[in-house]
Amino acid sequence: VQLQASGGGLVQAGGSLRLSCAASGSIFSIRSMGWYRQVPEKTREMVAVVLSGGNTDYADSVKGRFTISRDNAENTVYLQMNSLKSEDTAVYYCYVVVVRGGHYGHWGQGTLVTVSS
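None of the values given here were measured: they were computed from a predicted structure.

Counting secondary structure elements, the protein contains zero helices and 11 strands. Written out in order from the N terminus, the α and β elements of the protein read β-β-β-β-β-β-β-β-β-β-β. Overall, the protein is about 45 × 25 × 20 Å in size when its C-alpha atoms are taken along their principal axes. Restricting the contact set of the protein to residue pairs at least 6 apart, pairs at least 24 apart contribute 53%. In the form shown here, the protein has an accessible surface area of approximately 6,200 Å², with 47% of it arising from carbon and sulfur atoms.

Trp35, Val47, Phe66, Ile68, Leu79, Met81 and Tyr92 are the most contacted members of the largest nonpolar core, which totals 29 residues. When contributions to this core are tallied by element, the ones reaching two or more residues are β1 (2-6), β3 (17-24), β4 (29-38), β5 (45-51), β7 (66-71), β8 (76-81), β9 (90-100) and β11 (111-116). By residue number, the principal contributor to this core is β9, which donates five residues. In contact with isoleucine 68, other than residues within four places in its own chain, are Met33, Gly34, Trp35, Ala48, Val49, Val50, Thr56, Tyr58, Val77, Tyr78 and Leu79.

When you line up the elements, arginine 70 lands in strand β7. Among the polar contacts listed, one links the side chain of arginine 70 to the side chain of asparagine 72, at a separation of 2.6 Å. Leave out the neighbours within four places in its chain, and arginine 70 touches Ile30, Arg31, Ser32, Met33, Val50, Leu51, Ser52, Thr76 and Val77.

This brings us to the environment of lysine 63. Assignment of secondary structure puts lysine 63 in the loop between β6 (56-58) and β7. Taking the C-alpha atoms as reference points, lysine 63 and alanine 48, separated by 15 residues in sequence, lie 9.0 Å from one another.

Before going further, it helps to spend a moment on unusual backbone geometry. Non-glycine residue glutamate 41 carries a positive phi angle of around 70°. Topologically, glutamate 41 is positioned in the loop between β4 and β5. In this structure glutamate 41 comes out as exposed when scored by relative accessible area, which is 86%. Even without being a glycine, asparagine 75 presents a positive backbone phi close to 50°. Topologically, asparagine 75 is positioned in the loop between β7 and β8.

With respect to the helices and strands, the residue valine 113 is situated in strand β11. The contact partners of valine 113, leaving out residues within four places of it in the chain, are Gly8, Gly9, Leu17, Leu19, Met81, Asp88, Thr89, Ala90 and Tyr92.

Attention now moves to the packing of aromatic side chains. Counting across every chain of the model gives four aromatic pairs. Aromatic pair tyrosine 36 and tryptophan 107: ring centres 5.1 Å apart, planes at 75°, arrangement edge-to-face. Taken together, the residues span a long stretch of sequence, with tyrosine 36 in strand β4 and tryptophan 107 in strand β10 (residues 102-107) at a distance of 71 residues. With 6.3 Å between their ring centres and 85° between their planes, tyrosine 93 and tryptophan 107 make a pair best called edge-to-face. Of this pair, tyrosine 93 sits in strand β9 while tryptophan 107 sits in strand β10, and the two are 14 residues apart along the sequence.

The rules behind the values
Residues numbered from 1 in each chain as written. Predicted model: local features only at pLDDT ≥ 70, side-chain atom pairs only at ≥ 80, totals over all residues. Heavy atoms only, no water. Helix = DSSP H or I, 4+ residues; strand = E, 2+ residues; numbered from the N terminus. Contact = heavy atoms within 4.5 Å. Areas by Shrake-Rupley, 256 points an atom, 1.4 Å probe, with all protein chains shown as cover. Core = buried A, V, L, I, M, F, W, Y, C linked by side-chain atoms within 4.5 Å. Buried < 20%, exposed > 50% of the residue type's maximum accessible area, 1.4 Å probe, protein only. Polar contact = N/O pair within 3.5 Å; in protein donor to acceptor, adjacent residues only side chain to side chain. Phe/Tyr/Trp six-rings, centres within 6.5 Å; stacked < 30°, edge-to-face > 60°.

Printed below as a string of structure tokens:
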């Protein structure tokens, strides 16, 4: 399974960015798709997750500002980030759990989001 993430960049505080991550390869079905982020010397943290049935979960710090969505036909997950804050600056990673006999997690390559204050 290959994951191609895009959409990161530099934005001013209060601005918006949209991340996308497309999954390809040997995919029978996708259990969940999500976004995590990491800053230096800190543990990678969950930002938002969307399950196959459409249920979503968000970190408290992004609720009301970020929206996760997925296109099942294209095996793509999106993260719309609005009202960005400097503390949102991080490398964002997409994470996909596929079902192929068992459940297998795959990480994307990471995309840098920098929010200037």
